[in-house]
Structures are given as structure tokens and as C-alpha cells.
Amino acid sequence: MSKEKFTEILSSTGRKGMDAVIAKLDESGFFDAPASSRFHLSCKGGLMEHSMNVYEAALFVREQIIQRRPELEEQLPLDSVAICALLHDTCKTDIYKEGILSRKNADGYWEKYVGYQVDYNTGLPLGHGEKSVILLLSWGLELKPEEMLAIRWHMSAWDMPMQSAEHKESFNAAKAKSPLVSLIQTADGIATGLLER
Ligand SMILES: [Fe+2]
Ligand SMILES: [Fe+2]
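Residues numbered from 1 in each chain as written. Chains lettered and ligands numbered in written order. Predicted model: local features only at pLDDT ≥ 70, side-chain atom pairs only at ≥ 80, totals over all residues.

A. Region of the structure containing the overall build of the protein chain. If you tally the helices and strands in the protein chain, you get 8 helices and 2 strands. Ordered by position from the N terminus, the helices and strands of the protein chain form the series α-α-α-α-β-β-α-α-α-α. Since a compact globule built from 197 residues should have a radius of gyration of about 16 Å, the 17 Å found for the protein chain is in line with a globular shape. Overall, the protein chain is about 60 × 35 × 30 Å in size when its C-alpha atoms are taken along their principal axes. For the protein chain, with 197 residues in total, the buried portion stands at 35%. Considering only residue pairs separated by 6 or more positions, the protein chain has 67% of its internal contacts joining residues 24 or more positions apart. (Helix = DSSP H or I, 4+ residues; strand = E, 2+ residues; numbered from the N terminus. Rg over C-alpha atoms; globule rule 2.2 N^0.38 Å. Buried ≥ 20, exposed ≤ 12 C-beta atoms within 10 Å, placed from the backbone. Contact = placed C-beta atoms within 7 Å.)

Following this line, the structure appears as C-alpha cells:
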């Protein structure tokens, strides 16, 4: 998986503001960032690889769903799928710091290793999906309303217990408004729980 292929897919959407977004991703370290501190793809380039896995999973699921529900095709346009899948975790670009950490090895002895720690003091601590949406808009990307919903709510079950009743209602309304919300959320789960386990 290369940065060139990643940016080529983003550019191919022809979306207004995408050139600025690609420049910002580059500048903010997106392409070198890990996908997590110690769970899935905790390695250099892990965030880009995870985003690509979500994209491929979303394309696969979309294909299967359209075969059974052809009327959903126009609500799942390919440019929206690419934008939401590849950019849903933009919020993670600046929160992982590389450093020397300690862990117990298989023999029970402490050892040092190079790893990542989460640091929410960098950049704007705006949350998760909502942070991705705000960053992308502030960088000048023209996002459609249903794309904002899909990116904002992609964590679903993972952060839903933390949300207020009002947020839970919003999440249900978002899912009802656009099938893109369920597609991106499902693809994120497939990538994290199956492809990257
Ligand atoms: Fe996420
Ligand atoms: Fe993700």
C-alpha cells in the first residue's frame, strides 16, 4: 500500500478542496501515523493501511448489498465511500507519539521497546469522528451532509455508551437518514476486528 495510491483515490473523487486536504494530511503526519497505540496496526503507516482496509471492506460490502438491494446504490456513491472510508480517522493524525516504552516479555522480564502513546494535548482535542469532520471542513473540503454523518458516527458501539441520550437519538437518526453511516461503521469493524486482528 503506497501513499501515492491512497492520494490517487482521494484525488479521483474530484471533490473540491481535496488538494488542500492531501497537503494537510502530509504536513500533519497522517501517512506515518499508527492506527492505534497498542491494538490494531500500531506501526508506522498503520493509519493509512487501516483507512485503506476500511475502504476495501466498504467496497466489498457495498457490492454485496447492492446485489440484494439495488435501490440503495445511488445512496452509496463511490466518491462518498472513498472520502468517508479513507478520511474517517483523520482525527488520529496527531495523537500518537513515538517513544521508548516498557513491557514484560514472554519470560516475565521487563524490556524496553519503541512504541506509541496517546497524547491528546497535541492539536485540537475535539473528540473522534466529530474531530475528523471538523478538521476536514476547516481544511476546505466540501463534504456532503451524509458524509459528515458517516464520518461523525463511524465508531457506533465503541463510543455509544459514553454518549448522552440526545447523542444516541442523533446516531439513530443519522443511520435512518443515510445507509452510508451503516456502511462505514460496518467496514471499520471488519477492518479492525477481522482484517487487522
Ligand atoms: Fe475511528
Ligand atoms: Fe477506523
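B. Looking closely at the nonpolar core. Of all hydrophobic cores here, the largest spans 44 residues; its most connected members are A58, C84, A85, A150, I184 and A187. Apart from residues lying up to four places away in sequence, I184 is in contact with A58, C84, A85, H88, A150 and H154. (Core = buried A, V, L, I, M, F, W, Y, C linked by C-beta atoms within 7 Å.)

C. Fine view of the pairing of strand β2 (residues 110–118). Of the strand pairs in this sheet, strand β1 (residues 96–104) and β2 are connected by 9 bridges, and their pairing is antiparallel. Paired with K104 across the strands is W110, a residue of β2. (Pairing = 2+ DSSP bridges.)

D. Inspection of the packing of helix α3 (residues 46–68) against helix α8 (residues 179–195) at higher detail. Where α3 contacts α8, the axes come no closer than 8 Å and their chain directions differ by 120°. The orientation of α3 with respect to α8, classified from their angle, is oblique. Seen along the crossing, α3 lies across α8 with a hand that is right-handed. In contact with H50, N53, V54, A57, A58, V61 and R62 of α3, α8 contributes L183, I184, T186, A187, D188, I190, A191 and L195. Grouping the constituent residues of the contact of α3 with α8 by class yields 10 nonpolar, 3 polar and 2 charged. (Axes fitted to C-alpha atoms, helices over the stretch in contact; angles between N-to-C directions. Parallel < 35°, antiparallel > 145°, perpendicular 65-115°, else oblique. Left-handed = near helix turned anticlockwise from the far one by under 90°. Nonpolar A, V, L, I, M, F, W, Y, C, P; charged D, E, K, R; others polar.)

E. Broad picture of α8. Helix length check: α8, at 17 residues, gives a terminal C-alpha distance of 22 Å against a target of 24 Å (1.5 Å per residue), a fit within 8%. Of all the positions in α8, only L180, V181, L183, I184, Q185, A187, D188, A191 and T192 are classed as buried. Buried residues in α8 make contact with α3, α4 (78–87), α6 (145–152) and α7 (165–177). (Expected span 1.5 Å × (residues − 1).)

F. Inspection of the environment of K144 at higher detail. Structurally, K144 is set in the loop between α5 (129–138) and α6. Overall, K144 belongs to the partly exposed group, with 16 C-beta atoms counted inside 10 Å. Along the sequence, K144 and S80 sit 64 residues apart, while their C-alpha atoms lie 8.2 Å from each other.

G. Spatial organisation of the packing of α6 against α8. Taken N-terminus to C-terminus, the directions of α6 and α8 make an angle of 35°; their axes are 8 Å apart at the nearest point. Judged by the twist between their axes, the crossing of α6 over α8 is right-handed. Counting all contacts with α6, which are made through E146, E147, L149 and A150, the residues of α8 involved are L180, V181 and I184. Within the contact of α6 with α8, the residues separate by chemical class into 5 nonpolar, no polar and 2 charged.

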